[in-house]
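# Coordinates in review
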Amino acid sequence: MRVSPCPPKLITDMHMKLSIVLSTQLTQFQAATFSGGLETNLAQISSLGYQGVELAIRDPRLVDMDILSSQLAKYNLQVPAIGTGQAWGEEGLSFTDPDPKVRQAAIERIQSHIPIAHKLNAVIIIGLIRGIVKPGMDHSQAMEWLCEALQACSLEANHLGVRLALEPINRYETTLINNIDQGLRLIEQVGMDNFGLLLDTFHMNIEEPQMENGIRRCGERIFHFHVADSNRWYPGAGHLDFSSIIKTLIETGYKGYISGEFLPMPDAGTGARNNIIYLKSILNQLFPDSDS
């Protein structure tokens, strides 16, 4: 899949929005930049100038939507995406577990996010809940289970106009869907228009021969976008060329959020502050007439 770049006049009219990851509960996942202390963290994220907050929600039953909606409105924050990976990391749920009961529980967990995603106009992220190819399991069997689960979830989500985005994750964290080409083939297998990809610069730096070419190939199937530098710290703390990356992303026609998902280093607040300062400096260079 190849998408022609937008004409320069369209690029200059765009306004990119920035968000950052917040786990609604304390988590073992190290790259959740903020976690716990919901209102305190929302207040800090808003004060730093972010327009959005990407929420990592392990189980929607643990979230009071009335309180959450009230706090989001109070701090003028939108939710571009909902992360679901903690269901794998902390409960062991996955689409590719040999136990059919576990696979069904994983499907039902993702489907339980759909009403919240609809209310918040958010993309549902499929991260490590996809699972891995466990020892003794055939890779083709795992892919069959993965495809079936994604079709079931995408079909259910489609009724409410909700989109799902699978994140290609590097080979050291999963044995299923590590790069963009594998993700694009999976999109063809699933065959649903509301199923696309989430691209993450940390994982792309490991798996893609040339990051910008991968972004161009993915084109309109980019449903969400994560940024972290080469060392998984905030952008600007490593060696990635974010000016080139963001320019390429814009040329695909992407109009969603650029969302920070990086280690809370040296601490969450400092990382979040450095991230937005750095990204805004790039956006101001790309869009000198905007208020990014």
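Residues numbered from 1 in each chain as written. Predicted model: local features only at pLDDT ≥ 70, side-chain atom pairs only at ≥ 80, totals over all residues. Heavy atoms only, no water.

### Topic: the packing of aromatic side chains
Spelled out, the test is: Pairing of aromatic side chains requires ring centres within 6.5 Å, counting the rings of Phe and Tyr and the six-membered ring of Trp. Pairs whose planes differ by under 30 degrees are stacked, by over 60 edge-to-face, and all others tilted. Segments assigned H or I by DSSP are reported as helices when at least four residues long, segments assigned E as strands when at least two residues long, and all are numbered from the N terminus. For each residue, the accessible area found with a 1.4 Å probe, counting protein chains only, is set against the maximum for its type, and the residue is called buried under 20%, exposed over 50%, and partly exposed in between. We call a charge positioned above a ring when the Lys NZ or Arg CZ atom is no farther than 6 Å from the ring centre and deviates by at most 35 degrees from the ring normal.
For the structure on display, the rule yields three aromatic pairs. With 6.5 Å between their ring centres and 55 degrees between their planes, Phe225 and Tyr254 make a pair best called tilted. Highlighted residues: Phe225 in strand E8 (residues 222–227) and Tyr254 in the loop between helix H11 (242–251) and strand E9 (257–260), separated in sequence by 29 residues. With respect to burial, Phe225 and Tyr254 carry one shared label: buried. Sitting above the plane of the Trp145 ring, Arg103 keeps its charged end 3.8 Å from the centroid. Over the aromatic face of Phe223 sits the side chain of Arg163, whose NZ or CZ is 4.2 Å from the ring centroid.

### Quick look at H11
Counting buried positions along H11 gives seven out of ten residues, so the element sits mostly inside the fold. Looking at H11, one finds that the buried residues are Phe242, Ile245, Ile246, Thr248, Leu249, Ile250 and Glu251. Positive phi shows up at Gly253, right after H11, with a value of about 95 degrees.

### A word on the pattern of salt bridges
How we decide: One speaks of a salt bridge when a side-chain nitrogen belonging to Lys or Arg is within 4 Å of a carboxyl oxygen belonging to Asp or Glu.
A complete count under the given rule lists eleven salt bridges for this structure. A salt bridge links Arg109 to Glu91; the shortest N-O distance between them is 2.8 Å. Linking Arg109 in helix H5 (residues 100–112) with Glu91 in the loop between helix H4 (86–89) and H5, this pair joins segments that are 18 residues apart in sequence. Residue Glu91 is classed as partly exposed on the basis of its relative accessible area, which comes to 34%. The residue Glu208 makes a salt bridge to Arg217 at a minimum N-O spacing of 3.5 Å. Residue classification places Glu208 among the buried residues on the basis of a relative accessible area of 10%.

### As for unusual backbone geometry
Residue Met265 is joined to Pro266 through a cis peptide bond whose omega torsion reads -5 degrees. In this structure, Pro266 sits in the loop between E9 and helix H12 (268–286). Despite not being glycine, Asn76 shows a phi value in the positive range, around 55 degrees. Along the chain, Asn76 turns up in the loop between helix H3 (65–74) and strand E4 (81–83).

### Some thoughts on helix H8 (residues 180–190)
The line we're drawing: The arc in question is formed by the directions pointing from the helix axis toward the C-beta atoms. For this analysis, residues touch if any pair of their heavy atoms sits within 4.5 Å. Counted as a polar contact is a pair of N or O atoms within 3.5 Å, where, for protein atoms, one must be capable of donating a hydrogen and the other of accepting one, and residues adjacent in sequence contribute only when both atoms are in side chains.
Buried residues of H8: Ile180, Gly183, Leu184, Leu186, Ile187 and Val190, and no others. One side of H8 carries all its buried residues, which in axial view fall inside an arc of 160 degrees. Among the exposed residues of H8, those pointing more than 90 degrees away from its buried face are Arg185 and Glu188. Looking at the buried positions of H8, the neighbouring elements they touch are helix H7 (139–158), strand E6 (164–166), strand E7 (195–200), helix H9 (201–207) and helix H10 (211–218). At the N-terminal end of H8, a side-chain oxygen is found 3.3 Å from the backbone nitrogen of Asp181, two or three residues along, and the residue is Asn179. Two residues or fewer after H8 comes Gly191, characterised by a positive phi angle close to 70 degrees.

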